[in-house]
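Secondary and tertiary structure notes
Now for the letters of each chain:
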Amino acid sequence: MLVETQLNADILKITMTIRNDYPELSKYLNEMMVTIPDVATPKMTHKVLKDYYNSLEAMLDKYIPSHQ
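Residues numbered from 1 in each chain as written. Predicted model: local features only at pLDDT ≥ 70, side-chain atom pairs only at ≥ 80, totals over all residues. Heavy atoms only, no water.

**Observations concerning the packing of helix 1 (residues 2-21) against helix 3 (residues 46-66)**
Look at helix 1 against helix 3: their axes get within 10 Å of each other, and the N-to-C directions meet at 25°. Taken together, helix 1 and helix 3 sit at an angle that is classed as roughly parallel. Considering only the axes of helix 1 and helix 3, their crossing is left-handed. Along the contact surface, helix 1 presents Val3, Glu4, Leu7, Asn8, Asp10, Ile11, Ile14, Thr15, Thr17 and Ile18, while helix 3 presents His46, Leu49, Lys50, Tyr52, Tyr53, Leu56, Glu57, Met59 and Leu60. In terms of residue class, the contact of helix 1 with helix 3 is built from 11 nonpolar, four polar and four charged. (Axes fitted to C-alpha atoms, helices over the stretch in contact; angles between N-to-C directions. Helix = DSSP H or I, 4+ residues; strand = E, 2+ residues; numbered from the N terminus. Parallel < 35°, antiparallel > 145°, perpendicular 65-115°, else oblique. Left-handed = near helix turned anticlockwise from the far one by under 90°. Contact = heavy atoms within 4.5 Å. Nonpolar A, V, L, I, M, F, W, Y, C, P; charged D, E, K, R; others polar.)

**A short note on the confidence of the model for the chain**
With 84% of its residues at a pLDDT of at least 70, the chain reaches an overall mean of 85. Helix 1 holds the highest mean pLDDT among the elements of the chain, 93, whereas helix 2 (residues 26-29) holds the lowest, 88. (pLDDT = per-residue confidence, 0-100.)

**Concerning the packing of aromatic side chains**
Under the criterion given, the structure shown has one aromatic pair. Their ring planes at 80° and their centres at 5.9 Å tell us that Tyr22 and Tyr63 sit as a pair that is edge-to-face. Here Tyr22 is found in the loop between helix 1 and helix 2, whereas its partner Tyr63 is found in helix 3, with 41 residues between them in sequence. Overall, the relative accessible area of 18% leaves Tyr22 in the buried class. (Phe/Tyr/Trp six-rings, centres within 6.5 Å; stacked < 30°, edge-to-face > 60°. Buried < 20%, exposed > 50% of the residue type's maximum accessible area, 1.4 Å probe, protein only.)

Following this line, the structure appears as structure tokens:
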């Protein structure tokens, strides 16, 4: 449970970084494939949270060097 709590905190932090420092990327937050469930009642597992965090991190890592 602690791991999921930390992942949620990390996701919130990176999401706020995107919204505050790179607002032009905010439009992609709702469009990311990992946020679109493929079932009616998705289960939020450690893997799902980690994949989502990694996708946010990858988006920033790709965007920042080319837009500074």
